[in-house]
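# Coordinate analysis (summary)
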Amino acid sequence: MSFASRSRFSLSLIAAAAALASTAALAQEVQVVKIAHAGPLSGGIAHIGKDTENGVRLALDDLNAQNLVIGGKKIKFEIAAEDDAGDPRQATAVAQKLCDQKVAGVVGHLQSGTSIPAAAVYDKCGVPHITAAATNPDLTKPGYKTTYRLIANDSALGAALAIFSAEHLKLKSVAIIDDRTAYGQGVASVFKATAQQKGISVVGEEFTTDKATDFMAILTAIKNKKPDAIFYGGLDAQAGPMLRQMEQLGLGNVKFFGGDALCTEKLPELAGKTPALKNVTCATGGASVAKMQGGADWKKRYDAKFPGQFQIYSPYAYDAAMVLADAMKRANSVDPKVYIPFIAKTEYKGVTANIAFTNKGELTTPAVTLYTYKDGSRVALN
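As recorded by an unreviewed UniProt entry, the protein carries the name Branched-chain amino acid transport system substrate-binding protein and is attributed to Acidovorax soli. What the UniProt record of the protein gives under Sequence similarities (unreviewed entry) is the line "Belongs to the leucine-binding protein family."

The strand order across the open sheet formed by seven strands is S8-S7-S9-S10-S11-S14-S15, and the pairing between neighbours is mixed. The open sheet has two edge strands, strand S8 (201-207) and strand S15 (377-380), and neither has a second partner. Each strand axis lies, on average, 25° off the axis of its neighbour in the sheet, ignoring direction. In this structure, strand S7 (residues 173-178) lies alongside strand S9 (residues 229-233), joined through five bridges in parallel fashion. In the strand pairing of S9, Ile177 is matched with Tyr232. Packing of helix H5 (residues 154-168) onto the sheet brings it into contact with S9, strand S10 (255-258), strand S11 (280-285) and strand S14 (368-374), and relative to S11 it is tilted by some 145°.

Attention shifts here to the layout of surface pockets. Taken as a whole, the largest pocket spans an internal volume of roughly 280 Å³. In terms of lining residues, the largest pocket is bounded by 15 residues, among which Lys102, Val103, Val127, Asp335 and Pro336 are the most central. Among the elements of the structure, strand S1 (30-39) and helix H12 (336-344) are those that each provide at least two residues to the lining of the largest pocket. Among the elements that make up the lining of the largest pocket, the one with the highest residue count is S1 (four residues). Of the residues that constitute the lining of the largest pocket, the class distribution is nine nonpolar, two polar and four charged.

Take the sheet that holds strand S4 (residues 105-108) next. Strands sit in the order S2-S3-S1-S4-S5-S6 across an open sheet of six strands; the sheet is mixed. What marks the edges here is a single partner per strand, and that holds for strand S2 (69-70) and strand S6 (147-149). Relative to strand S5 (residues 129-131), S4 runs parallel, the two sharing two bridges. If you follow Val107 over to S5, its bridge partner there is Ile130. Contacting S1, strand S3 (73-83) and S4, helix H3 (residues 88-100) crosses the sheet at an angle of about 160° to S3.

A few words now on the UniProt feature "domain: Leucine-binding protein" (unreviewed entry) in the protein. With numbering aligned to this structure, UniProt lists the feature "domain: Leucine-binding protein" (unreviewed entry) at residues 33-375. Regarding residues 33-375, the helix share stands at 41% and the strand share at 20%, and the terminal C-alpha atoms are separated by 44 Å.

This part is about the packing of helix H2 (residues 46-65) against helix H11 (residues 314-331). At a closest axis distance of 7 Å, the pairing of H2 and H11 adopts a crossing angle of 40°. By the angle between their directions, the pair H2 and H11 is classed as oblique. The interaxial crossing formed by H2 with H11 has right-handed handedness. On H11, the residues that touch Asp51, Thr52, Gly55, Val56, Leu58, Ala59, Asp62 and Leu63 of H2 are Ser314, Ala317, Tyr318, Ala321, Met322 and Ala325. Of the residues belonging to the contact of H2 with H11, the class tally is nine nonpolar, three polar and two charged.

A separate point is the packing of H2 against helix H10 (residues 295-305). Here H2 crosses H10 at 105°, and the two axes come no closer than 11 Å. Compared by their axis directions, H2 and H10 come out roughly perpendicular. On H10, the residues that touch Asp51, Asn54, Gly55, Leu58, Asp61 and Asp62 of H2 are Trp298, Arg301, Tyr302 and Lys305. Of the residues that constitute the contact of H2 with H10, the class distribution is three nonpolar, two polar and five charged.

With 73 residues, the main nonpolar core has Ile35, Phe77, Phe231 and Met328 as its most contacted residues. Counting residues domain by domain, this core receives three or more from each of domain 1 (30-151 + 290-366) and domain 2 (155-285). In contact with Met328, other than residues within four places in its own chain, are Val33, Ile35, Ile70, Phe77, Ala104, Ser333, Val334 and Tyr339. Core analysis: the next-biggest nonpolar cluster, separate from the first, contains 27 residues, Phe215, Leu219, Phe256 and Ala271 among them.

In this model helix H6 (residues 182-197) runs 23 Å from its N-terminal to its C-terminal C-alpha over 16 residues, within 8% of the 22 Å that 1.5 Å per residue would give. All buried positions along H6 are accounted for by Tyr183, Gly184, Gly186, Val187, Ala188, Val190, Phe191, Thr194 and Ala195. Among the structural elements, helix H4 (112-125), H5, S7 and S9 are those in contact with the buried residues of H6. Trailing H6 by a residue or two, Gly199 shows a phi angle of about 90°, which is positive.

Enumeration according to the criterion identifies three cavities of 30 Å³ or more in this entry. Along the walls of the largest cavity sit 13 residues, with Leu110, Gln111, Leu235, Ala261 and Tyr313 positioned nearest its centre. A class-by-class count of the residues in the lining of the largest cavity yields nine nonpolar, three polar and one charged. Taken domain by domain, the lining of the largest cavity gets at least three of its residues from each of domain 1 (30-151 + 290-366) and domain 2 (155-285). Within this model, the second largest cavity holds a volume of roughly 60 Å³. Lining the second largest cavity are Thr284, Gly285, Ala287, Ser288, Val289, Met292, Phe310, Ile312, Tyr316, Tyr371 and Arg378. When the residues that make up the lining of the second largest cavity are grouped by side-chain class, the tally is seven nonpolar, three polar and one charged.

Criteria and cut-off values
Residues numbered from 1 in each chain as written. Predicted model: local features only at pLDDT ≥ 70, side-chain atom pairs only at ≥ 80, totals over all residues. Heavy atoms only, no water. UniProt positions renumbered as here; feature names shortened; annotations may be inferred. Pairing = 2+ DSSP bridges. Helix = DSSP H or I, 4+ residues; strand = E, 2+ residues; numbered from the N terminus. Axes fitted to C-alpha atoms, helices over the stretch in contact; angles between N-to-C directions. Contact = heavy atoms within 4.5 Å. 1 Å grid on protein atoms, 1.4 Å probe; cavity = no way out; pocket = protein on both sides within 12 Å on 5 of 7 lines; lining within 4 Å. Points joined across faces, edges and corners; volume = space filled by probe spheres on them. Nonpolar A, V, L, I, M, F, W, Y, C, P; charged D, E, K, R; others polar. Parallel < 35°, antiparallel > 145°, perpendicular 65-115°, else oblique. Left-handed = near helix turned anticlockwise from the far one by under 90°. Core = buried A, V, L, I, M, F, W, Y, C linked by side-chain atoms within 4.5 Å. Buried < 20%, exposed > 50% of the residue type's maximum accessible area, 1.4 Å probe, protein only. Domains from an automatic or database assignment. Expected span 1.5 Å × (residues − 1).

Set out below in structure tokens:
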């Protein structure tokens, strides 16, 4: 081999080594950031938990497509999905597990009864969480700097339903049932207080559980009091069979009210498409997807990726993940200790709304939408 050939060979080796070193350096610059989703992926409302998980997955796909660089490193977001089974004790165990895994943030939990105890765990370990669904006002009362809500709370939902009952439907009496969960009791309490202020008489109060399927005894007791309406504080998994049993007992013409946890796309299926569905009025925090500022296009993308799985909260879960990432970008850090203060200063144009928070972690301008059901589908009333 000539000197020139040896020189060219040496230069080629140097170039190859440099390229390999450069590739290795670039590989080292990629940082995996875990955003967790925590909610019920088993049990009677697994369909709702899966919907919110899907929202997070779609958000992380969109974020990864942006090829974000934060703190000088290319960021790859990955989901850490955990099942709390809708159980408060399991929720605290899940929260501790996510703390131990040092996730960067959590979207969850779904229910108030799981979110409230989990919030204390996240506060202690310094991991921010944003719920896309839990509505009990007690969630934000401790003032944790790690807790945020991306939806209207029960004070708004229960009050809106009671005002609609009195002012639009002109109802005079109501019976109230709740499932004894933090969510069910909370929304029922607000509805009761507002209804009474509006002159509606509460003629009966009954209780069940979030696992029950037979409501004949309590519905029979209510039937004897002849209310104009029944308010149920609980989930769609119980509201469905409750509506079927109301029809069987001759209560098919009694108005039926409930909050966001029963106001799902799946309620008609759970109710066996009973005629009593026509009397349902339910409330959700936020606008209907059709009226969200980015809702129509977002829903097309969601349905393409997760056909037939949309329920109610996935747009909020999507925005929750986006809000966490937005705070990281503004802080130029994925370290919760650094970026948590930036969540409080959020001004983010989301799919669901323009998002900003109060000093308690509530939305500054929460919206409420009322729905009913027609021909087996959920239809917005406002």
